[in-house]
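Chain and residue survey
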Amino acid sequence: MTTEIKPYELLLPPLVPALVGKEINIYFDNLIWGTAKRYEFEISTGLGRHENERWTATPTEAGDYPFTLDLYDELGNKLSTAQTLIRVTDATNPQHADVTRNVIFIGDSTTGAGHYTAELLRLFANDPMSLKLLGTRGEGLNVHEGRGGWRVDQYYESEESPFLFDGVLDIEQYIRNNQYNEITDVCIHLGINDVYHAETHGGITQIIEHRFPMIDAMIAQFKAHDSNIRIGIMPCIPPSSRQDSFGTSYGVNQNRRTYVRKMQQWNQALMSRYSNRLDEGIDIIPIYINLDTEHNMPSVTVPANSRSSRPVWKQSNGVHPAPEGYYQMADVIYYWLKQTAAN
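Here the structure is a predicted model, which is why all the values come from computation and not from measurement. Here the residue numbers are simple positions, counted from 1 along each chain's written sequence. In keeping with the predicted nature of the model, local features appear solely for residues at pLDDT of at least 70, side-chain atom pairs appear and are counted solely at 80 or more, and the whole-chain, interface and lining totals rest on all residues. Based on all heavy atoms of the structure, the side-chain values leave hydrogens and waters out of the count.

**Focus on the overall build of the chain**
Heads up, the condition is: Think of it this way: any DSSP run of H or I at least four residues long counts as a helix, any run of E at least two long counts as a strand, and we number them from the N terminus. We compute the radius of gyration from the C-alpha atoms alone; for a globule the expected value is 2.2 Å times N to the 0.38, where N is the number of residues. Buried residues are those whose accessible area, probed at 1.4 Å on protein chains only, stays under 20% of the maximum for their type, while exposed residues exceed 50% and partly exposed ones sit between those limits.
Assigned secondary structure in the chain consists of 9 helices and 18 strands. For the chain, whose C-alpha radius of gyration is 20 Å, the value lies close to the compact-globule estimate of 20 Å for 343 residues. For the chain, the spread of C-alpha atoms along the principal axes amounts to about 60 × 45 × 45 Å. Burial analysis of the chain (343 residues in total) assigns 55% to the buried set.

Written out as structure tokens, the structure is:
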């Protein structure tokens, strides 16, 4: 059962992958469903720097760096605390030269757009490790299993699902039909559409209880094919930082604050279910912490109103990043693939 979460309750992953010479960020607003500007944050770690909206680092040495984040109200009362480990891997590890990652990405429109997968191909083009993407959607080398608007249950029971045969989930048949001789990783980024239309409180709880066993079933069948397949669970990315974007995308049909609250409840349950299961080959890929929802989301410049010619900047898409935001998603996946290969 899920429980109601507080607006200041911090959600950090158990592990944050990072690479020597590459930027990694933890944006405070992405860790809570409240507004980060209402709170004070204190960080304890031996890496990076604390800025207004984020902790950021470009590591120079490989290693493990404990990280503690405390959240305070305006009167200095501690409301929440969370810990994680920043694990920095050497990006030029010569052991990666003979390694190829054969990866299936399963998701909704954020995967179907093909932006973060394209960026991954670009990142690996100059890397000693190789990447091969697998899937029935996309073009050329940039393939995946991303479908706009899809939920977990559609992959599990829709006739259009690539994993369904004679009305039954059959991952083994999917693998045989597509002649995937080797799969090293399966990465799942779903939940946005699952929570979008849900009512708050009990509605989210019912959806979680209905959908998570479906994710479990997909994982189990991939692992039954090959127990060495690494499963990467990606929590939902946060939406744009402003209500303007939701007004543009959805009119009055979705409130940003309500959506973030539902999304955070989904992510909390997801993290609780799949964290700390490395011994089973299941891991969290924390793409949500690295996304700049203020600057790397779609935006437009428009008149302030019909009686004004003064231009104002407004975000224009509720849940889909701009290309730069997708690149930040790709960064964390790239770090994770490099880290799991190193292990």
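So that's the structure; there's more coming.
**A short note on the pattern of salt bridges**
The cut-off we apply is this: Any Lys or Arg side-chain nitrogen located within 4 Å of an Asp or Glu carboxyl oxygen qualifies as a salt bridge.
Taken as a whole, this structure holds 16 salt bridges when the rule is applied. Put simply, arginine 147 and glutamate 145 hold a salt bridge, and the shortest N to O gap is 2.8 Å. Between arginine 211 and aspartate 194 there is a salt bridge, with its nearest N and O atoms 2.7 Å apart. Pair noted here: arginine 211 is in helix H6 (residues 202–225) and aspartate 194 is in helix H5 (residues 192–196), with a separation of 17 residues, a long-range link. The class of arginine 211 is buried, set by a relative accessible area of 10%.

**A word on helix H2 (residues 115–125)**
What counts, and what does not: In this context, the arc is that of the directions from the helix axis out to the C-beta atoms.
Of the positions making up H2, those classed as buried are Tyr116, Thr117, Glu119, Leu120, Leu123 and Phe124. Angularly, the buried residues of H2 cover 160° about the axis, an arc narrow enough to put them on a single face.

**Some details on the sheet that holds strand S3 (residues 40–44)**
The following threshold applies: DSSP calls a pair of strands paired once it identifies at least 2 bridges connecting them. For helices, the fitted line uses only the C-alpha atoms of the stretch in contact; every axis is such a line through C-alpha atoms, and the angle between N-to-C directions lies from 0 to 180 degrees.
Judged by pairing direction, the sheet is mixed, and its 4 strands sit side by side in the order S1-S7-S6-S3 without closing on themselves. Edge strands, defined here as strands with exactly one partner in the open sheet, are strand S1 (15–19) and S3. Between one strand and the next, the sheet's axes are offset by a mean angle of 25°, whatever the strand orientation. In the sheet, strand S6 (residues 63–72) pairs with strand S7 (residues 78–89) via 10 bridges, with the strands oriented antiparallel. Among the inter-strand pairings, glycine 63 is bridged to a residue of S7, identified as valine 88.

**A closer look at helix H8 (residues 256–274)**
Residues spaced three or four apart along an α-helix face the same direction, because each turn holds 3.6 residues. The following threshold applies: Expected span of a helix, by definition, is 1.5 Å for each gap between consecutive residues, and there is one gap fewer than residues. Two N or O atoms count as a polar contact when they lie within 3.5 Å, although within protein this holds only if one can serve as hydrogen donor and the other as acceptor, and sequence-adjacent residues are included solely when both atoms are side-chain atoms.
Given a rise of 1.5 Å per residue, 19 residues ought to cover 27 Å, and the 26 Å separating the end C-alpha atoms of H8 matches this to within 8%. Of all the 19 residues making up H8, 14 are buried; the element is thus mostly covered by neighbouring parts of the structure. Between the side-chain oxygen at the start of H8 and the backbone nitrogen of arginine 257 there is a gap of 2.9 Å, and the oxygen is on asparagine 255. Just downstream of H8, asparagine 276 is the residue with a positive phi angle, here 60°.

**Looking at the pairing of S7**
Two faces make up the sheet, and in a regular strand the side chains alternate between them. Bridging between S1 and S7 involves 5 bridges; their strand directions are parallel. The residue of S7 that forms the bridge with proline 17 is arginine 87.

**So, the sheet that holds strand S5 (residues 54–57)**
Spatially, the 3 strands line up as an open sheet ordered S2-S5-S4, and their pairing is antiparallel. Unpaired on one side and paired on the other, strand S2 (24–27) and strand S4 (49–50) mark the two borders of the sheet. Sheet analysis places S4 next to S5, joined by 2 bridges and oriented antiparallel. Across the sheet, histidine 50 pairs through a bridge with tryptophan 55, a residue of S5.

**A word on the environment of leucine 75**
With respect to the element layout, leucine 75 can be found in the loop between S6 and S7. Through-space distance from the C-alpha of leucine 75 to that of alanine 220 is 48 Å; in sequence the pair is 145 residues apart.

**Focus: the side chain of asparagine 290**
Defined as follows: In what follows, a contact means two residues having at least one pair of non-hydrogen atoms within 4.5 Å.
For asparagine 290, the position within the fold is in the loop between strand S16 (282–284) and strand S17 (299–303). By relative accessible area, which is 1% here, asparagine 290 ends up buried. Aside from chain neighbours lying at most four places away, what touches asparagine 290 is Ile24, Asn25, Tyr27, Gln328, Asp331 and Val332.

**A few points about the pairing of S2**
The two faces of S2 match: Ile24 and Ile26 on one face and Asn25 and Tyr27 on the other face are all buried. Note: S2 against S5, 4 bridges, orientation antiparallel. Residue tyrosine 27 lies in a different strand from S5, and its bridge partner there is arginine 54.

**Digging into the side chain of aspartate 108**
This is how the line gets drawn: Counted as positive: Lys and Arg. Counted as negative: Asp and Glu. His and the chain ends are not counted at all.
Within the secondary structure layout, aspartate 108 lies in the loop between strand S8 (100–107) and helix H1 (109–112). An unpaired buried charge is present at aspartate 108: no salt bridge exists, and arginine 151, the closest side chain of opposite charge, is 10 Å distant. A distance of 2.6 Å separates a polar atom in the side chain of aspartate 108 from a polar atom in the side chain of threonine 110.

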